[in-house]
Amino acid sequence: MPSTPDYPTVSVIIPNYNYAKTLRQCLQAVLDQTYPKIEIVVVDDGSTDDSPRIAAEFPCTLVRTANEGPSAARNTGVARSTGEVLFFLDSDIALAPQAVERAVRMLGSDRRLGFVGGIYDKEPLVDDGPVERYKVLHGHFWRVRSSGEARLCNFSLGAMRRETYELAGPLDTGLRATEDVEYGARLSEISTVWIDATILGRHDDDDRLGVLLGKQYRRSVPLVALFADRGRARPKLTDTAYRPGAVAGTGLVLAGLAGAVLWPAAGAVTALAGAALFAVEERRLLKFLGATAGARQFPLMAGLHLLMNATTGAAALVGAARWATAPSFRRLYANGERA
């Protein structure tokens, strides 16, 4: 793509907190983009590692803030940028060379598009073992599955026009997780949100099981407040990373195993029914994991997926209890509605 004044400037906004491990790869991939008019804004959100020094090695605007969370960092990046197009990118992702160009072309081809999100490649940015490989493969699969019109803004890898951001309002700084889901629900009321599988980035994901399960739990609990709010647009449950049917099937498996202590026959039937439901709901994913990870890794991948579904189910129960008992929890996403 030749450089010309007709192309809008793209501001690549990168919030960062202690990702010195991948920040250099992230920034180099932005510099290697085929799109000619890019400015880079790195918002270092109170890092205590070498991130600021690494960012200073590159031609970018470096903004240093206290640790206020990703929503505040992205809003700050927008305020300090000048581009007509805002490309949001997490600092643990290295973009494919044509990612920015493709996003700009899509936004320019259809004014109804308010946000164009990309997906993660099935290869991790840094391969740190089987837990990370599972998470990367699952992250790739469900985003491909959700390609097309959506109600989720993938702020880790996605673009929007500045005028659309100004119309929809800033990200909700009261949310340190699930801000992308809230914003997508809000934005989809005024424009189209689109996930495109040709806009790719390699992601360095979590590689420790405890961290992975903890993040899933913390993200899933508050989402109950969003899905239960009947007065606003919400994502579809079927578009979530962990599907309701598979979560329910996992719950039946666990209930059946626990119940088998007192009622062996009933417990076994319940567990088998749950396993069948899980297998049917996740048949495409399980086939993908088997084909991609191989037969030797497949049992581990399937087991990790069961654990993630069980964690999601436990979090949903906690979220439902908080919804029933805590008015403040029911108003968790109110700031986004007022933004």
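In this report, the structure presented in the accompanying data block is examined. Here the residue index of a chain counts from 1 through its sequence in written order. Per-residue local features of the predicted model are confined to residues with pLDDT of at least 70, and side-chain atom pairs are confined, for both listing and counting, to 80 or more; whole-chain, interface and lining totals are unaffected and use all residues. Derived side-chain values reflect all non-hydrogen atoms in the structure, with water molecules and hydrogen atoms excluded from consideration.

**Examining the overall build of the chain**
Operational definition: A helix here means a DSSP run of H or I that spans at least four residues, while a strand means a run of E at least two residues long, and both kinds are numbered starting from the N terminus. Note that the radius of gyration is over C-alpha atoms, with the globule rule given as 2.2 Å times the number of residues to the power 0.38. Residue burial is assigned from relative accessible area. The probe radius is 1.4 Å, only protein chains are included, and a residue is buried under 20% of its type maximum, exposed over 50%, and partly exposed in between. Whether two residues touch is decided by their heavy atoms; if any such pair falls within 4.5 Å, the residues are in contact. Values of accessible area rely on a 1.4 Å probe in the Shrake-Rupley scheme; residue burial ignores everything except the protein chains shown.
Along the chain, the regular secondary structure elements total 14 helices and 9 strands. In terms of overall dimensions, the chain is globule-like: its C-alpha atoms have a radius of gyration of 21 Å, near the 20 Å expected for 339 residues. Taking the principal axes of its C-alpha atoms as reference, the chain extends roughly 70 × 45 × 40 Å. Split into buried and exposed, the 339 residues of the chain put 52% on the buried side. The contacts of the chain with a sequence gap of at least 6 include a subset with a gap of at least 24, amounting to 78%. As presented, the chain carries roughly 15,100 Å² of accessible surface, and 57% of it is formed by carbon and sulfur atoms.

**Some thoughts on the pattern of salt bridges**
Pairing is possible between side chains that carry opposite charge, provided their charged atoms lie close to one another. Counted only if it meets this: Any carboxyl oxygen of Asp or Glu that lies within 4 Å of a side-chain nitrogen of Lys or Arg is treated as forming a salt bridge with it.
This structure, assessed with the given rule, holds 15 salt bridges. Between Glu182 and Arg186 there is a salt bridge whose closest N-O contact spans 2.8 Å. Note that Glu182 and Arg186 are positioned in helix 7 (residues 179-187) at a spacing of 4 residues, about one turn of the helix. Here the two residues Glu182 and Arg186 agree in accessibility, since each one is buried. With a closest N to O distance of 3.1 Å, Asp206 and Lys215 form a salt bridge. Residue Asp206 is classed as buried on the basis of its relative accessible area of 15%.

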